[in-house]
Amino acid sequence: MLDVTQQTSRGTLGTFAGVFTPSILTILGIILFLRLGFAVGNAGLRNGLLIIAIANGVSILTSISVAAIATNIDVRGGGDYYMISRTLGVEFGGAIGIVLFLAQSVSIGFYAVGFGEAVAAIGGWEADWAPQIIAVIAVVVLFGLAWLGADAASRFQFVVMALLVAALISFYVGAIGGFEVDRVADGWSRPEGALGFWAVFAIFFPAVTGFTQGVSMSGDLRDPGRSLPLGTFAAVGLSIVVYFSVAFLLAGNAGSQELIDNTGIMNSVAAFGPLIDAGVIAATLSSAMASFLGAPRILQSLAADRIFPFLTFFAKGHGPTKNPRRGVLLSLGIALATIAIGSLNAIAAVVSMFFLISYGLLNYATYYEARAASPSFRPRFRFFDRRLSLAGTIACFGAMLAINALTGGIAIAILLLIHQYLRRLDRPQRWADASRSYHFQRAKESIRAMTAEASNPRSWRPQVLAFSADPHRRERLLRFASWLEGSSGLTAAVEIVVGEGAIKRREREERETLLEAQIDQLDLDVHGRAVLAPDAMEALPVIVQSFGLGPLEANTVLFGWPEVNEDHHLLGYAQAVREIHRIGVHVVSMVSDEERWAVLDALPQNGRRIDVWWQDDDASRLALLTAYLFTRTTRWSHSKIRVLGTAETVAGRTDVEDALESMLDDVRIPADVHCVVTPNVDAIASTSGDAAFVFVPMALRRTEFKGPYDLRTADVLDRLPSCAGVLAGAPIDLVADPETELSVQIRTAEEQLQVVEQRLRTLERQRPRLVAEVDGRRNAAEPSENAVAEAEQRLHTLERRITVTRVKLETARAELDQLIATERSST
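The paragraphs below set out a description of the structure included in this document. (Residues numbered from 1 in each chain as written. Predicted model: local features only at pLDDT ≥ 70, side-chain atom pairs only at ≥ 80, totals over all residues. Heavy atoms only, no water.)

### Considering the pairing of strand β9 (residues 640-647)
Counted residue by residue, β9 has six buried out of eight residues, so it is predominantly covered. Note: strand β8 (residues 609-613) against β9, five bridges, orientation parallel. Each bridged residue has a counterpart across the sheet, and for Val 612 the counterpart in β9 is Val 643. Handedness of the β8-helix α26 (residues 618-630)-β9 crossover: right-handed. When β9 meets strand β10 (residues 672-677), the two strands line up parallel, connected through six bridges. Note on β10: the bridge partner recorded for Ala 647 is Val 677. For the segment spanning β9, helix α27 (residues 653-667) and β10, crossover handedness is right-handed. (Buried < 20%, exposed > 50% of the residue type's maximum accessible area, 1.4 Å probe, protein only. Helix = DSSP H or I, 4+ residues; strand = E, 2+ residues; numbered from the N terminus. Pairing = 2+ DSSP bridges. Right-handed = clockwise from strand over helix to strand, strands pointing away.)

Encoded structure:
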């Protein structure tokens, strides 16, 4: 069973002991004392400060994300893993849980090797194996403290804190006294032959990873929501000041080559070197200790969630605080294996990759939660913006690829493989994450975008409402619906519970539960709903009209054809269909008796034939489209369609078949054609008797359904194999142009407006010339009355034409404005 105690018990540590201390001691650790000078020497002070800025930028952005999530949910044991899994879901949570545990466990060995290097240098032991032996001894001692629990380890950290403060004071006193500005200028740029920018970044980055040590201790905190953001920001802020100042002072106290060669340069610069040695020893041990506490708790939380069955063994804790001793043992094994690598720089690159992945996902988890815009996302931390989390995500994964594109790509691929593995597992959902809110937000935005788009027959998709009260018939009906939508539409199954009152309300809930269980059992992409109504006939058109949201509305209703072929049954069915047909919705009536369905089920998938009877109306076009959608499903993908036309004479068969082939070519649906002369029920039955499925167009005449050649639909369907009658409630256009009729009208109106505007400009350009001509003839030395009258007549005609053209222009503009308004109102 799930270890609930581990998940719900509250810890005893406060902000200083539980978050700030383990974080700052890990940040101001091995890289500060043994590799910061190496980094500045290789990169030059300018690039060194840039590396520190980028690395701390990642830590600041991730700290903001941590603060947002930590103040929005009750963070329990597992720290980073808990926050990611409860936000992004079990798939990413499980993947990152493994990565985080390995990162922390490898870090133990990383810090222990640094401790071994420092002690070997102090003791003057030059053997290659000396640092590793010392590291092993250190890890075994730290294992003992981790075995005792977090309280014992936290008391050890205060001693380390005192030594660290003393070491830094000693360094600052010595460095300030020996600072030379000229050395800063000489070491400003990267020296020739030094390591590249991103290689140095990979070595330095573990320096800033300690800020999540407090997050890993979340299960041992009294108030994680307050302690995590406060302690994390305090640790990150102080560490930034220390790293920038130490890097600057080192550049002013030693040249680039000395910084590269002498990894103990801080000891040489400090006022009292032994304090630096003590600081190195204390910092490396404390960092290893923090990782020794964090890694097993991540594993314990991951195991308690039962995501990976083989990890369940590690869920058990010891004592009232549920100390994860089994995880401590596994971390010990991984740390010893890491020590076997020996090279601090090589281990640093591995640690950097692990932590960049986890920080990238932590930032993405926060962005994902905020992007979902869920009302439940109400972090108390107010200085949060989702764009900062997105920037943190991009920075982390960008840095991974910049450090080593191949290794980074492999790491991301492994993460995605674990994610896909967990996604395919059949697991019960144990907690609510942000996925539902995120998908809701996406759906809302998509509906809004669809609403803004103009409707066009090309974008038509089947949105099916399947009505059935019989669970046995409903199974066949829902399978048929999944074929009808052809993986391109939506299907909802509706059961109407007739009645009123508390008993019926409870019955509705029970029916809906059974309906959803049946859908799950059938493994269909169908949404189930039971509706309570005093009268089914009155409720039916209301349900159809109110189904959906915005452009997502029912356009096809699916019924089962009455199994009893008697007039009073058919009359009631016709009344129900008429109500649906009147509101412009298609109706498909499937014949779904057990005998015919069993025959259909027994047919091999290869070589099936779907017959469509054609009478060149909207019902026929809908039937043809439905048959085509069938062939887009796996079950019917190897089937052929045959379109059956009718002719009054044998001589007319060729013309009918040619017309059908031309039509099929226009609508781009592959199908065979066949023509039947003057069909009756017997001819239809014999022609389609060997088909796997038959679609029959039908029309509703008063209270009776009519099929091909005005035959009674009930008689036709009764003689066919598995089949369905199709009644179109709206026009079906299978050759729709991408442009709507309205858009064509608007384009034509725009072109007409341009023609009129051009004509008006031409006429107005002629007017000054004619005015000048009239004035010239009037003012001539010997004016001719006839010449003046002729010029005035031409000017008058021109004025009249300009007036008429202006009227036409205003009319054209008004028509265009009206068309545009119509288009806007329709969208």
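### So, the sheet that holds strand β1 (residues 463-467)
If you trace the 10 strands from one edge of the open sheet to the other, you get β3-β2-β1-β6-β7-β14-β11-β8-β9-β10, paired in mixed fashion. Strands at the two margins of the open sheet, each flanked by one partner only, are β3 (527-533) and β10. Between one strand axis and the next, the sheet turns by 25° as a mean value, whatever way the strands run. Strand direction decides the pairing type here: β1 and strand β2 (residues 490-498), joined by five bridges, are parallel. When the bridges of β2 are listed, Gln 463 appears paired with Leu 490. With respect to the sheet, helix α22 (residues 502-522) is in contact with β2 and β3, its orientation differing from that of β3 by roughly 160°. (Axes fitted to C-alpha atoms, helices over the stretch in contact; angles between N-to-C directions. Contact = heavy atoms within 4.5 Å.)

### Considering the pairing of strand β6 (residues 556-560)
A regular strand places its side chains on the two faces of the sheet in alternate fashion. Summarising burial for β6: five of the five residues are buried, a large majority. Covered by surrounding structure in β6 are Thr 556, Leu 558 and Gly 560 together with Val 557 and Phe 559, the residues of both alternating faces. Strand direction decides the pairing type here: β1 and β6, joined by three bridges, are parallel. Each residue of the ladder has a partner; that of Ala 466, found in β6, is Leu 558. Pairing geometry for β6 and strand β7 (residues 586-591), over five bridges, is parallel. Note on β7: the bridge partner recorded for Gly 560 is Met 590.

### Focus on helix α25 (residues 594-602)
Along α25, the residues classified as buried are Arg 596, Trp 597 and Leu 600. Buried residues of α25, viewed axially, fall in a sector of 100°; they line one side. Across α25 from its buried face, at more than 90 degrees, point the exposed residues Glu 594, Glu 595, Val 599 and Ala 602. Summarising the contacts, the buried residues of α25 are in contact with α21 (471-485), β7, β11 (693-697), α29 (713-718) and β14 (723-727). (Arc of directions from axis to C-beta.)

### Section: the side chain of Thr 284
Relative to the assigned elements, Thr 284 resides in helix α15 (residues 273-304). The class for Thr 284 is buried, based on a relative accessible area of 1%. Reaching out from Thr 284, the side chain makes a polar contact with the backbone oxygen of Ile 281 at a distance of 3.1 Å. (Polar contact = N/O pair within 3.5 Å; in protein donor to acceptor, adjacent residues only side chain to side chain.)

### Some thoughts on a nonpolar patch on the surface
Among the surface-exposed residues, Trp 129, Ile 133, Ile 137 and Val 141 lie close enough to one another that they form a single nonpolar patch of about 440 Å² accessible area. In this structure, Val 141 sits in helix α7 (residues 130-148). (Patch = residues over 30% accessible without salt bridge, like charges linked within 9 Å, V, L, I, M, F, W, Y side chains within 5 Å. Areas by Shrake-Rupley, 256 points an atom, 1.4 Å probe, with all protein chains shown as cover. Salt bridge = Lys/Arg side-chain N within 4 Å of Asp/Glu carboxyl O.)

### Thoughts on helix α24 (residues 567-582)
Spacing of three or four residues puts side chains on the same side of an α-helix, whose turn is 3.6 residues. In this model α24 runs 22 Å from its N-terminal to its C-terminal C-alpha over 16 residues, within 8% of the 22 Å that 1.5 Å per residue would give. Of the residues one or two after α24, Gly 584 is the one with positive phi, at around 80°. (Expected span 1.5 Å × (residues − 1).)

### Concerning the nonpolar core
Judged by nonpolar contacts, the single largest core of 136 residues is most densely connected at Leu 32, Phe 33, Leu 36, Phe 204, Tyr 243 and Phe 292. With 18 residues, the top contributor of residues to this core is helix α6 (residues 90-123). Sequence-distant contacts of Phe 33, defined by excluding residues within four places in its chain, comprise Leu 28, Leu 164, Ala 167, Thr 263, Met 266, Ile 276, Gly 279, Val 280 and Ala 283. Counting residues in each nonpolar core, the second largest holds 47 residues, with Ala 466, Leu 484, Leu 524 and Val 612 among its members. (Core = buried A, V, L, I, M, F, W, Y, C linked by side-chain atoms within 4.5 Å.)

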